[in-house]
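So the chains spell out like this:
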Amino acid sequence: MSEAAVLGVRILVAALFLHAGGAKLFAPQQFSRTLRATLRIDDNHSLWTDHSARAIAFGEIVTALLLVGMPDDAYGLVLSALLGAGIAAFALTARLRRVTMACGCFGGSQGRPLGIRQLLFGTVLLAVSALLAYGQTDTRADNAALIVAACIGALVANLIRWRANLVRPLRRHLQPFPQ
């Protein structure tokens with residue numbers, strides 16, 4: 001695998017983890033409810049699932065920074081593979097237990113139920129982490145540039161996801177002039 005392709009995939013995976021981790025960190029409620037439903041935890045332990053949701057979000061952010069910020073990204077790749085396996089296992093458990101709640105994987109922004117997409121995503125993430133480990137090269141790009149690229153990727157993902165909410169207040173100002 002070429003060095004440019006490896007760096008591009010690392011940046012993409014890091015941007016995805018920054019986006020998902022940031023969304024869960026600031027809006028963990030839906031993901032926490034899905035955790036409770038999937039793991040069959042009663043509402044008396046909701047504080048535990050809230051903290052678990054934030055810990056997973058923090059882990060995603062740390063993984064993203066390790067993927068692009070460390071000269072040796074082996075730790076980031078291991079955490080990325082573990083998160084991929086965890087996502088796949090969580091989705092499979094939800095499928096087997098017939099949980100139909102929205103995932104909450106990107107904060108409260110995702111309305112689709114937890115299921116096949118997350119299972120495939122976790123499996124692909126695990127495979128991509130293994131391919132990145134296989135395609136590691138000895139030379140590394142400037143880490144600051146990688147962090148900036150990952151942050152820009154996460155920003156673009158958020159802008160695309162929330163474009164309707166961002167454009168709505170501007171619509172009245174962007175109307176064509178009457179003829």
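Residues numbered from 1 in each chain as written. Predicted model: local features only at pLDDT ≥ 70, side-chain atom pairs only at ≥ 80, totals over all residues. Heavy atoms only, no water.

Draft legend 1. Region of interest: the environment of Arg-36. Considering the arrangement of structural elements, one finds Arg-36 in helix α2 (residues 29-39). Spatially, the C-alpha atom of Arg-36 lies 9.4 Å from that of Trp-48, the residues being 12 residues apart in sequence. For Arg-36, the contacting residues outside a window of four places in its chain are Ile-41, Asp-42, Asp-43, Ser-46, Thr-49 and Asp-50. (Helix = DSSP H or I, 4+ residues; strand = E, 2+ residues; numbered from the N terminus. Contact = heavy atoms within 4.5 Å.)

Draft legend 2. Representation of the packing of α2 against helix α4 (residues 74-96). Packing of α2 against α4 brings their axes to within 10 Å, and their N-to-C directions diverge by 60 degrees. Regarding the angle of α2 to α4, the classification is oblique. The two elements α2 and α4 cross, and the hand of that crossing is left-handed. Residues Phe-31, Thr-34, Leu-35 and Thr-38 of α2 pack against Phe-90, Thr-93 and Ala-94 of α4. When the residues that make up the contact of α2 with α4 are grouped by side-chain class, the tally is four nonpolar, three polar and no charged. (Axes fitted to C-alpha atoms, helices over the stretch in contact; angles between N-to-C directions. Parallel < 35°, antiparallel > 145°, perpendicular 65-115°, else oblique. Left-handed = near helix turned anticlockwise from the far one by under 90°. Nonpolar A, V, L, I, M, F, W, Y, C, P; charged D, E, K, R; others polar.)

Draft legend 3. Here's a closer look at α4. If you check α4, its first and last C-alpha atoms are 33 Å apart, about what 23 residues at 1.5 Å a residue would give, namely 33 Å. Residues of α4 that are buried include every one of Gly-76, Leu-77, Ser-80, Ala-81, Leu-83, Gly-84, Ile-87, Ala-88, Phe-90, Ala-91 and Ala-94, and no others. Considering only its buried residues, α4 is in contact with α1 (3-26), α2, α3 (46-69) and α5 (116-134). Remark: Arg-98 follows α4 within two positions and exhibits a positive phi of approximately 55 degrees. (Expected span 1.5 Å × (residues − 1). Buried < 20%, exposed > 50% of the residue type's maximum accessible area, 1.4 Å probe, protein only.)

Draft legend 4. Representation of a nonpolar patch on the surface within the structure. The grouping of Val-78, Leu-79 and Leu-82 at the surface amounts to a nonpolar patch, some 260 Å² of accessible area in total. Here Leu-82 lies in helix α4. (Patch = residues over 30% accessible without salt bridge, like charges linked within 9 Å, V, L, I, M, F, W, Y side chains within 5 Å. Areas by Shrake-Rupley, 256 points an atom, 1.4 Å probe, with all protein chains shown as cover. Salt bridge = Lys/Arg side-chain N within 4 Å of Asp/Glu carboxyl O.)

Draft legend 5. Layout of the pattern of salt bridges. Summed over the entire model, instances satisfying the criterion amount to one salt bridge. The salt bridge involving Lys-24 is made with Glu-60; its shortest N-O contact spans 3.1 Å. You can see Lys-24 sitting in helix α1 and its partner Glu-60 sitting in helix α3, a full 36 residues away along the chain. Look at Glu-60 and you get buried, because its relative accessible area is 4%.

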